[in-house]
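The chain contents come next:
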Amino acid sequence: MAMLRLRITGTEDDARAISDLLQGIEGIEHVEETDDLMPHMDDDDSSSAGLSDDIGPGTHELEVEVGNASTAQKVREAVQVLALELDVFVEYETDEG
């Protein structure tokens, strides 16, 4: 099985739409949102300390466990189509395992 990690630059609604799409693809073993599991390590002395981090699109990370390379390709193709429709940016990291 392979694990795809997706980083989505967009709103929570955009990330939810992509997650919902993934849930409907046959061969997907598991989909999990993994961002915000680590505490944010803001430096109190930073020039951006205390500034809002909700300006602009957010980033959301999903882990997608797929059964085989064919399913991984289906995921990439389906997400690409939806990302273009939603006008969001998606990056992939693959862990072949």
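Read on for an overview of the structure. (Residues numbered from 1 in each chain as written. Predicted model: local features only at pLDDT ≥ 70, side-chain atom pairs only at ≥ 80, totals over all residues. Heavy atoms only, no water.)

Let's talk about the pairing of strand E3 (residues 58-66)
Turning to step 1, where the next piece is worked out: Summarising the sheet, strand E1 (residues 2-10) and E3 pair through nine bridges and their orientation is antiparallel. Bridge assignment links Met-3 to a residue of E3, and that residue is Glu-65.
Turning to step 2, where the next piece is worked out: The pairing of strand E2 (residues 28-33) with E3 spans five bridges and is antiparallel. If you follow Glu-33 over to E3, its bridge partner there is Leu-62. (Pairing = 2+ DSSP bridges. Helix = DSSP H or I, 4+ residues; strand = E, 2+ residues; numbered from the N terminus.)

Focus: helix H1 (residues 12-23)
Turning to step 1, where the next piece is worked out: Compared with an ideal rise of 1.5 Å per residue, which puts 12 residues at 16 Å, H1 spans 16 Å between its outermost C-alpha atoms and is within 8% of the ideal.
Turning to step 2, where the next piece is worked out: All of the buried residues along H1 are Asp-14, Ala-15, Ile-18, Ser-19 and Leu-22. Down the axis of H1, the buried side of the element spans an arc of 135°, and every buried residue falls inside it. Residues of H1 that are exposed and angled more than 90 degrees away from the buried face: Glu-12, Asp-13, Asp-20 and Gln-23. (Expected span 1.5 Å × (residues − 1). Buried < 20%, exposed > 50% of the residue type's maximum accessible area, 1.4 Å probe, protein only. Arc of directions from axis to C-beta.)

Focus on helix H2 (residues 69-86)
The α-helix winds at 3.6 residues per turn, so residues separated by three or four positions along the chain end up facing the same way.
Turning to step 1, where the next piece is worked out: In this model H2 runs 25 Å from its N-terminal to its C-terminal C-alpha over 18 residues, within 8% of the 26 Å that 1.5 Å per residue would give.
Turning to step 2, where the next piece is worked out: Those residues of H2 that fall on the buried side of the exposure criterion are Thr-71, Ala-72, Val-75, Val-79, Leu-82 and Ala-83. Seen along its axis, H2 keeps its buried residues to an arc of 105°; they face one direction. Exposed and oriented more than 90 degrees from the buried face of H2 are Ala-69, Gln-80, Leu-84 and Glu-85.
Turning to step 3, where the next piece is worked out: Between a side-chain oxygen at the N-terminus of H2 and the backbone nitrogen of Ser-70 the separation is 3.1 Å; the capping residue is Asn-68.
Turning to step 4, where the next piece is worked out: Phi turns positive, to about 60°, at Asp-87, one or two residues after H2. (Polar contact = N/O pair within 3.5 Å; in protein donor to acceptor, adjacent residues only side chain to side chain.)

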